[in-house]
Amino acid sequence: MVRNSAGASKPTFHAPMRLDWTDEKLQSLSQEQLLNLLENLDHQRAIGRVPEGAAAMVDQRISSLLTSRNSAKRRKQVAQALTPDVTARDPA
């Protein structure tokens, strides 16, 4: 019996290096999935994994696919995300 000296391999997460979201892929997603994708994109942008320019372009493409109701929900999420930053910088 041969024994593996390296031990059991564990799966490793590799962050995507590119944003491969074609219009066809985006159009196939539900409204909820689009909102989740935008939320994840914001997080990836905040931690520096996605360049600001690329994120803005994808954000615009995704936002154009949202219904007016979900678009309003998205604007509210963005406003709420910005509010803690403003109060943290301006304690008065």
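Up top you'll find the structure we're talking about.
Note that the structure is a prediction, hence the values are computed from the model and not measured.

### Observations regarding the overall build of the chain
Counting secondary structure elements, the chain contains four helices and zero strands. Every one of the 92 residues in the chain was classed for burial, and the buried ones make up 18%. Of all intrachain contacts in the chain linking residues separated by at least 6 positions in sequence, the fraction that spans at least 24 positions is 61%. With the model as given, the accessible surface of the chain reaches about 7600 Å², and the carbon-plus-sulfur share is 55%.

### Describing the nonpolar core
In terms of nonpolar packing, the biggest core is built from eleven residues, these being Leu26, Leu34, Leu35, Leu37, Leu38, Leu41, Val50, Ala55, Val58, Ile62 and Leu66. Contributions of two or more residues to this core are made by helix H2 (31-46) and helix H3 (52-63). With five residues, H2 is the largest single contributor of residues to this core. In this structure, alanine 55 is in contact with Leu41, Arg45 and Val50, ignoring residues within four places of it in sequence.

### Looking at H3
A rise of 1.5 Å per residue sets the reference length of H3, with its twelve residues, at 16 Å; its end C-alpha atoms lie 16 Å apart and thus fit the reference within 8%. The complete set of buried residues in H3 reads Ala55, Val58, Asp59 and Ile62. Around the axis of H3, the buried residues are gathered within 105° of arc, so they sit on the same side. Exposed residues pointing more than 90 degrees away from the buried face of H3 are listed as Gly53, Met57 and Gln60.

### Some words on the environment of alanine 56
Structurally, alanine 56 can be placed in helix H3. With a relative accessible area of 37%, alanine 56 lands in the partly exposed category. For the pair alanine 56 and aspartate 42, spaced 14 residues apart in the sequence, the C-alpha separation amounts to 9.5 Å.

### Some points on the pattern of salt bridges
By the definition in use, this model includes four salt bridges. With a closest N to O distance of 3.1 Å, arginine 61 and aspartate 23 form a salt bridge. On the criterion of sequence distance, the pair formed by arginine 61 in helix H3 and aspartate 23 in helix H1 (residues 23-27) is long-range, its members being 38 residues apart. Since its relative accessible area comes to 26%, arginine 61 is described here as partly exposed. For arginine 45, the salt bridge identified is with aspartate 42, shortest N-O distance 3.3 Å. Note that arginine 45 and aspartate 42 are positioned in helix H2 at a spacing of three residues, about one turn of the helix. Look at the salt bridges and you will find they share partners, linking Asp42, Arg45, Glu52 and Asp59 into a network.

Thresholds, definitions, all that
- Residues numbered from 1 in each chain as written.
- Predicted model: local features only at pLDDT ≥ 70, side-chain atom pairs only at ≥ 80, totals over all residues.
- Heavy atoms only, no water.
- Helix = DSSP H or I, 4+ residues; strand = E, 2+ residues; numbered from the N terminus.
- Buried < 20%, exposed > 50% of the residue type's maximum accessible area, 1.4 Å probe, protein only.
- Contact = heavy atoms within 4.5 Å.
- Areas by Shrake-Rupley, 256 points an atom, 1.4 Å probe, with all protein chains shown as cover.
- Core = buried A, V, L, I, M, F, W, Y, C linked by side-chain atoms within 4.5 Å.
- Expected span 1.5 Å × (residues − 1).
- Arc of directions from axis to C-beta.
- Salt bridge = Lys/Arg side-chain N within 4 Å of Asp/Glu carboxyl O.

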